[in-house]
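Residues per chain are reported as follows:
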Amino acid sequence: MTVLVFIESQDGVIKKASLEAISYGRSIADNQGYNLIGVGFSIKDSEVLNSYGLDKLYNIDTQGDYYFNVERYSSNISSIVEKEKASIAIVSSSADSRYLGPVLSVKIDAAYLSNVIELPSQYEPLKVKRSCFTNKAFNETQSEKKCTVLSLSSNSFGLKEKQGKMEVISESYSNLTNNLKVSSLDKATDKVSIADADIVVSGGRGLKGPENWHLIEDLAEVLGAATACSKPVSDMGWRSHSEHVGQTGKPVASNLYIAIGVSGAIQHIAGINSSKVKVVINNDPEAPFFKAADYGIVGDAFEVVPTLTEKLKARKKI
Amino acid sequence: MNILVCISNVPDTTSKINFNENNTSFDSLGVQFIINPNDEFGLTRAIWLQQKLGAKVTVVTVGDSTCEAILRKCLAIGADQAIRIDLKPQDGFQVASCLASICKKTEYDLVITGRESIDYNGGMVGAILATQLKIPYLANCIQLELDGDNLNLQREIDGGKEILTATFPLVIGAQKGLVEEKDLIIPNMRGIMQARQKPLEVVSPEINACNSLVQNYEKPAEKGPVKLVDAEDIDGLIDLLENEAKVI
Ligand SMILES: Cc1cc2nc3c(=O)[nH]c(=O)nc-3n(C[C@H](O)[C@H](O)[C@H](O)COP(=O)(O)OP(=O)(O)OC[C@H]3O[C@@H](n4cnc5c(N)ncnc54)[C@H](O)[C@@H]3O)c2cc1C
Ligand SMILES: Nc1ncnc2c1ncn2[C@@H]1O[C@H](COP(=O)(O)O)[C@@H](O)[C@H]1O
């Protein structure tokens, strides 16, 4: 039997979230004695996959078309699922993967399970733990189908290297089309996105106004972190909507989440709760965030944050 | 123009989540239910198209009779009619399949779902529905404008957005950004009165299969207390993050 992983890349470079998905797939394959195959589109750095124990890679040349295309991708992947008789297909929790997963599930007549946070506890039928109610709870779900598509919650499994030698196969790009056409991308290429980030620095209304956001950006820069904000901050237009995290914004599952001048309302916490370590900087010792945090400083952001940034900069230089 | 807006009935965002029947079922006792926030953005966009272009807006939910309060609220916001498919769904596939059977009876130019529901967070119903109907789906939709017969659209992606064009029919997954927060419609007295007269049809599901079953629920373990560091001792914080938490 076979486990298949969708390997996402940007400008040909494999994304970290996909390496996690492959690590997860490798563990399943080892447990069950399955084969592990990957499907990627115009991947340029495929050698790195030898360090993650992939047995076979289908690298599909998109002929210079570098836009994600859910129709074409899912049609390519579904024919490979059929050919390889895969019973498990794994995608990450990136925007494109969560777009692809349910579409693919219909094409291969599979169950689709998102927000997966652990290895399956049982196979045939497959049973797996997932988060639900925006991280306020978990559930165990059983697939009722022979084949299952899993979307792995980011940072829930981590990277596990395993040396191997893979076979690389090329396949022609599906030419399926529909009425939905991408005309351009508007992408901040120099910034770390919340989905890819190991560390996220987030600012709330406590920062008083958009003119003070250099505090957040400077700290994020020295940490190589992504920046985020609370809902009112994006509602007031201080920051773009894409930075809004929480129950009604983006979920954050980083290793480190630093919240500055954020009160810690239940809707905010729900979205960031699956981050591993939470640090809060707030001048109100009664702020609810302190109950959800691992480390905290009761203090004025305008004093604490610049000092923290300076000290981290100095430490980096050593 | 016919628009279908799919509405998920979810616990209010401040709700404490509890389970009963030996942790196999969500405990709705004392829980206030709301229109799933992503669906509310979608509904607001639909009402805008209704007011601008005379589109007919139908709202639909798959759920038992307790979901009717939410449908009435959608009617008070301005939807023209409501459908309730009388089934307590097991999973997103089942919801999508029920919705697909509605879409096969009436032709909808635009079907609006939410990016995801904030209860089960499947993020799947719109995509499965569209793929079953063999029409395109646009996830994470943050812009929908009409330009004659063409649609100008945007999808939020990791670290940016994608700009697209399409024609009807189409299914979208609405989310924040599609409309401004301030444009969300709070029903007024007149809307509430009118909603009572608007049709709310209850239909039986034609399809019953589900692809997955939730076996049990669990709540996260209680967290230990926060470790406070003095505001003067930034080095102490850095040390903890580096050597204890090992995150920097
Ligand atoms: C349906 C619904 C959905 C929602 N979804 C979300 C969501 O997804 N995400 C989200 O974030 N919110 C969400 N909210 C809003 C949420 O309820 C809170 O209103 C919001 O999170 C508060 O944002 P804040 O912490 O930035 O602001 P505030 O609550 O105003 O908190 C500001 C904090 O800054 C501190 N502060 C002030 N000055 C300083 C200083 N000099 N130094 C340090 N600290 C300082 C204050 O002590 C305070 O704790 C939602 C609300 C509703 C009703
Ligand atoms: N029971 C339901 N009835 C009608 N629409 C639903 C239902 N559940 C989910 N949806 C729609 O599908 C979207 C995505 O839900 P989900 O796939 O459950 O995250 C929601 O935002 C709704 O628009």
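If you're wondering where the values come from, they're calculated on a predicted model, not measured in any experiment.

**With respect to the pattern of salt bridges**
Then step 1. With the rule as written, the count across this model stands at 31 salt bridges over all chains.
Then step 2. The salt bridge involving A:Asp65 is made with A:Arg72; its shortest N-O contact spans 3.5 Å.
Then step 3. A:Asp65 gets classed as partly exposed once you look at its relative accessible area, which sits at 24%.
Then step 4. Judged by its relative accessible area of 17%, A:Arg72 is buried.
Then step 5. For B:Glu181, the salt bridge goes to A:Lys231, with nearest N and O atoms at 2.6 Å. Placement of the pair is B:Glu181 in the loop between β12 (170-174) and α5 (189-197) and A:Lys231 in helix α5 (residues 231-235), with the two residues belonging to separate chains.
Then step 6. By relative accessible area, B:Glu181 is classed as partly exposed at 23%.
Then step 7. Taken together, the shared-partner salt bridges connect A:Arg26, A:Asp30, A:Asp55 and A:Lys162 into one network.

**Examining the site of ligand 1**
Residues and elements named next belong to chain A.
Then step 1. Every one of the 27 residues lining ligand 1 counts as a neighbour, but Arg205, Ser230, Ser263, Gln267 and His268 are closest to it.
Then step 2. Within the contact set of ligand 1, an oxygen atom lies 2.7 Å away from a backbone nitrogen or oxygen of Arg205.
Then step 3. In this structure, Gln267 approaches ligand 1 through a side-chain N or O atom, which is 2.7 Å from an oxygen atom.
Then step 4. Here ligand 1, which alone exposes 990 Å², has 78% of that area covered by the protein.
Then step 5. Among the residues forming the shell around ligand 1, the class breakdown is six nonpolar, 16 polar and five charged.

**Here's the deal with the state of the cysteines**
Residue and element names in this part refer to chain B.
Then step 1. Under the criterion given, the structure shown has zero disulfides over all chains.
Then step 2. In this model Cys67 remains outside any disulfide bridge; the closest cysteine sulfur is found in Cys74, 11 Å from its own.
Then step 3. The thiol sulfur of Cys103 is not disulfide-bonded, and the nearest other cysteine sulfur, from Cys6, lies at 6.5 Å.

**Details of the domain arrangement of chain A**
Residues and elements named next belong to chain A.
Then step 1. Considered domain by domain, chain A is made up of domain 1 (2-172) and domain 2 (199-317).
Then step 2. Here the C-alpha centre of domain 2 lies 32 Å away from the C-alpha centre of domain 1.
Then step 3. Taken residue by residue, the interface counts five residues in domain 1 and ten residues in domain 2.
Then step 4. Here domain 1 packs against domain 2, burying approximately 670 Å² in sum over the two surfaces, 39% of which is carbon and sulfur.
Then step 5. When the buried area of domain 1 at its contact with domain 2 is split by residue, Thr134, Asn135 and Asn155 rank highest and sum to 68% of it.
Then step 6. Scanning the region where domain 1 abuts domain 2 turns up zero salt bridges.

**Observations concerning a nonpolar patch on the surface**
Then step 1. Nonpolar side chains collect at one region of the surface, where B:Met189, B:Ile192 and B:Met193 lie side by side and expose about 290 Å² of accessible area between them.
Then step 2. One can find B:Met189 in helix α5.

**Some remarks on the sheet that holds strand β13 (residues 200-203) of chain B**
Then step 1. With mixed pairing, the ten strands of this open sheet are ordered in space as β12(A)-β11(B)-β10(B)-β9(B)-β12(B)-β8(B)-β1(B)-β6(B)-β7(B)-β13(B). Both outer strands of the open sheet, β12 (181-187) of chain A together with β13 of chain B, are each paired with one neighbouring strand and no more. Across this sheet, the average inter-strand angle for adjacent strands is 30°, counted without regard to direction.
Then step 2. Sheet topology note: the β12(A)/strand β11 (residues 160-167) of chain B ladder contains six bridges and is antiparallel. Note that in β11(B) the partner of A:Asp186 across the bridge is B:Lys161.
Then step 3. Against the sheet, helix α3 (residues 95-107) of chain A contacts β9 (137-147) and β10 (150-157) of chain B, and its axis sits at roughly 115° relative to β10(B).

**What about the site of ligand 2?**
Residue and element names in this part refer to chain B.
Then step 1. Of all residues adjacent to ligand 2, which total 18 residues, the nearest are Cys6, Asp39, Val62, Ser117 and Gly123.
Then step 2. Note that a nitrogen atom of ligand 2 is positioned 3.3 Å from one of the backbone N or O atoms of Ile7.
Then step 3. Here ligand 2 has 480 Å² of accessible area as a free molecule, and 94% of this is covered by the chains.
Then step 4. Those elements that provide at least two residues to the shell around ligand 2 are β6 (56-62) and β8 (110-114).
Then step 5. Of the residues in the shell around ligand 2, the class split is seven nonpolar, nine polar and two charged.

**Remarks on the interface of chain B and chain A**
Then step 1. At the junction of the two partners, chain B supplies 76 residues and chain A supplies 81 residues.
Then step 2. When the two sides are added together, the surface that chain B and chain A hide from each other amounts to roughly 6,700 Å², 59% of it contributed by carbon and sulfur.
Then step 3. Along the contact surface separating chain B from chain A lie eight salt bridges.
Then step 4. Scanning the region where chain B abuts chain A turns up 39 residue pairs in polar contact (both at pLDDT 80 or more).
Then step 5. For the side of chain B that touches chain A, a count of residues per class yields 38 nonpolar, 18 polar and 20 charged.
Then step 6. In this sheet, strand β14 (residues 212-218) of chain B lies alongside strand β9 (residues 137-143) of chain A in antiparallel orientation, the contact comprising six bridges. Paired with A:Glu140 across the two strands is B:Asn216, which belongs to β14(B).

**Let's talk about the pairing of β9(A)**
All names here are of chain A.
Then step 1. The buried fraction of β9 is high, at seven of seven residues.
Then step 2. Covered by surrounding structure in β9 are Ala137, Asn139, Thr141 and Ser143 together with Phe138, Glu140 and Gln142, the residues of both alternating faces.
Then step 3. Judged from the six bridges that link them, strand β8 (residues 127-132) and β9 form a sheet pairing that is antiparallel. Bridged to Cys132 within β9 is Ala137.
Then step 4. Between the antiparallel neighbours β8 and β9 lie four residues, among them Phe133 with a positive phi of about 50°.

Rules of the game
All residue numbers refer to positions counted from 1 along the written sequence of the respective chain. Chains and ligands are labelled by the order in which they are written, letters from A for the one and numbers from 1 for the other. Confidence filtering applies because this is a predicted model: local features only for residues at pLDDT of at least 70, side-chain atom pairs given and counted only at 80 or more, and all residues used for totals across whole chains, interfaces and linings. Computation of side-chain values covers all heavy atoms of the structure but excludes hydrogens and water. Whenever Lys or Arg places a side-chain nitrogen within 4 Å of a carboxyl oxygen from Asp or Glu, that contact is recorded as a salt bridge. Three labels apply to residues, based on accessible area from a 1.4 Å probe with only protein chains included: buried if under 20% of the type maximum, exposed if over 50%, partly exposed otherwise in between. Counting from the N terminus, the helices are the DSSP runs of H or I reaching at least four residues and the strands are the DSSP runs of E reaching at least two. For this description, a residue counts as near a given molecule or strand if any of its non-hydrogen atoms is within 4 Å of it. Polar contact is defined as a pair of N or O atoms within 3.5 Å, subject to the rule that within protein one atom must be able to donate a hydrogen and the other to accept it, and that residues adjacent in sequence are counted only when both atoms are side-chain atoms. Per-residue and other accessible areas were derived by the Shrake-Rupley procedure at a 1.4 Å probe size, with only the shown protein chains allowed to occlude residues. Nonpolar residues are Ala, Val, Leu, Ile, Met, Phe, Trp, Tyr, Cys and Pro. Charged residues are Asp, Glu, Lys and Arg, and all others, Gly as well, are polar. In what follows, a disulfide is any cysteine sulfur pair within 2.5 Å. Where each domain begins and ends is defined by an automated method or by a domain database. When checking whether two residues touch, look at their non-hydrogen atoms; a contact exists if any pair is within 4.5 Å. Once two parts are brought into contact, the accessible area they lose, counted with a 1.4 Å probe and summed over both, makes up the buried area. Residues enter a patch when their relative accessible area is above 30% and they make no salt bridge; the linking distance is 9 Å between like charges and 5 Å between nonpolar side chains (Val, Leu, Ile, Met, Phe, Trp, Tyr). Strand pairing is assigned whenever DSSP identifies at least 2 bridges connecting the two strands. Working convention: axes come from line fits to C-alpha atoms, limited for helices to the stretch in contact. Angles between N-to-C directions cover 0 to 180 degrees.

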